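Per-entry structural report
So you can see what is in the structure, the chains are spelled out below.
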Amino acid sequence: QMGVGKTLQAIAVADAYLDEGPLLCVVPASMRYVWADELERWMTDLTPRLLSVIFGSSDKFMLEKLAAECKGGWKGGRRVVVTSYHMLTPLLPEFKAVRWGCVIADESHMMHTNQKFGKDETKMTQAAFDLVRNARYAVLTTGTPSLTKPFDMYRQVEALRPGMLGDKWEFADNYCDMRFENGRSDVTGGSRL
């Protein structure tokens, strides 16, 4: 639901881990300024100089500078980057070069699980998934973990608890009433809900 404090809770958790490394907030593009404002409002001592908002590939210098700061080991302190899901793919090498202490993935249902058997996830989903998995800590927030079916939740759970639900096809078989029809997998159902 909207208005229950997901953003503030995520910021509070991330604030507790700022000594672990910089914070990355991956949000829908339309929410970048909203998140930047909320971060400045709730994180003490966070100045505009310590907060970077990534709008395009031309901003990669900010990530390169941050990666260089992390090379010798994180010395602690506030450093926050806000970006959109869509910017992860073109700047993935730069994002991966930073050792993130915490990643917040807002509206985490955007990390879709590919429904085609044997097919990889979208580049955007895989990029977000990799960054969440490689961070020391992660917070996923959403008011809608499954847009249409339980299968949508697999990538989110797998990012936080690898292997807990098996691979995505075991999950589909156990929880999504998976069927094969005309040589295609159908994971639109639900079982053991």
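Everything below is about the structure shown above.
As a starting point, this report considers the structure included with it.

Procedures and definitions
Residues numbered from 1 in each chain as written. Predicted model: local features only at pLDDT ≥ 70, side-chain atom pairs only at ≥ 80, totals over all residues. Heavy atoms only, no water. Core = buried A, V, L, I, M, F, W, Y, C linked by side-chain atoms within 4.5 Å. Buried < 20%, exposed > 50% of the residue type's maximum accessible area, 1.4 Å probe, protein only. Helix = DSSP H or I, 4+ residues; strand = E, 2+ residues; numbered from the N terminus. Contact = heavy atoms within 4.5 Å. Arc of directions from axis to C-beta. Polar contact = N/O pair within 3.5 Å; in protein donor to acceptor, adjacent residues only side chain to side chain. Pairing = 2+ DSSP bridges. Axes fitted to C-alpha atoms, helices over the stretch in contact; angles between N-to-C directions. Expected span 1.5 Å × (residues − 1). Phe/Tyr/Trp six-rings, centres within 6.5 Å; stacked < 30°, edge-to-face > 60°.

**A word on the nonpolar core**
The biggest cluster of nonpolar side chains holds 30 residues, and the ones touching the most others in it are Leu-24, Ile-54, Val-81, Tyr-85, Leu-88, Phe-95 and Trp-100. Only strand 1 (23-27), helix 3 (60-71), helix 4 (85-88), helix 5 (92-97), strand 4 (102-106) and helix 6 (123-134) provide two or more residues apiece to this core. Per element, the largest residue contribution to this core is six residues, and it comes from helix 6. Excluding residues that lie within four positions of it along the chain, Leu-24 makes contacts with Val-81, Thr-83, Phe-95, Trp-100, Cys-102, Val-103, Ile-104 and Leu-131. Grouped together as the second largest cluster of nonpolar side chains are 19 residues, Leu-46, Leu-51, Cys-102 and Val-139 included.

**Comments concerning helix 8 (residues 168-175)**
Residues Lys-168, Trp-169, Phe-171 and Ala-172 constitute the buried set of helix 8. Projected onto a plane normal to the axis of helix 8, the buried residues spread over an arc of 155° and lie on a single side. Elements in contact with the buried residues of helix 8: helix 7 (154-160) and strand 7 (184-186). Of the residues that open helix 8, the one with a side-chain oxygen 2.9 Å from the backbone nitrogen of Trp-169 is Asp-167.

**Regarding the pairing of strand 1**
Counting buried positions over the five residues of strand 1 gives five, a clear majority of the element. Of the two faces of strand 1, the one carrying Leu-23, Cys-25 and Val-27 and the one carrying Leu-24 and Val-26 are both buried. Pairing analysis gives five bridges linking strand 1 to strand 3 (residues 80-84), with the strands arranged parallel. Paired with Leu-23 across the two strands is Val-80, which belongs to strand 3. One ladder, built from four bridges, connects strand 1 with strand 4; its direction is parallel. Looking across to strand 4, one finds that Leu-24 is bridged to Val-103.

**Here we look at the sheet that holds strand 1**
Ordered in space as 2-3-1-4-5, the five strands form an open sheet in which the pairing is parallel. For this open sheet the edge positions go to strand 2 (51-53) and strand 5 (137-141), each flanked by a neighbour on one side alone. Across the sheet, the mean angle separating the axes of adjacent strands is 15° when strand polarity is ignored. Against the sheet, helix 6 touches strand 1, strand 4 and strand 5, its axis set at about 145° to strand 4.

**Some points on helix 3**
In a regular helix each residue adds 1.5 Å, so twelve residues correspond to 16 Å; helix 3 covers 17 Å between its end C-alpha atoms and thus fits that length. When helix 3 is considered as a whole, its buried residues turn out to be Met-62, Leu-63, Leu-66, Ala-67 and Cys-70. Seen from one end, helix 3 has its buried residues packed into an arc of 135°, which puts them on one side. Away from the buried face of helix 3 by more than 90 degrees, exposed residues Phe-61, Lys-65, Ala-68 and Lys-71 are located. Residues of helix 3 that are buried make contact with strand 2, strand 3 and helix 5. At the C-terminal side of helix 3, Gly-73 shows a positive phi close to 100°.

**Some points on the packing of aromatic side chains**
A complete count under the given rule lists six aromatic pairs for this structure. Relative to Tyr-137, the ring of Tyr-17 lies with its centre 3.7 Å away and its plane at 10°, an arrangement referred to as stacked. Linking Tyr-17 in the loop between helix 1 (6-16) and strand 1 with Tyr-137 in strand 5, this pair joins segments that are 120 residues apart in sequence. On the accessibility criterion, Tyr-17 (28% relative accessible area) is partly exposed. Taken together, the aromatic side chains of Tyr-154, Phe-171 and Tyr-175 make up a single cluster linked through ring pairs.

Shape is all these values report; function is a separate question.
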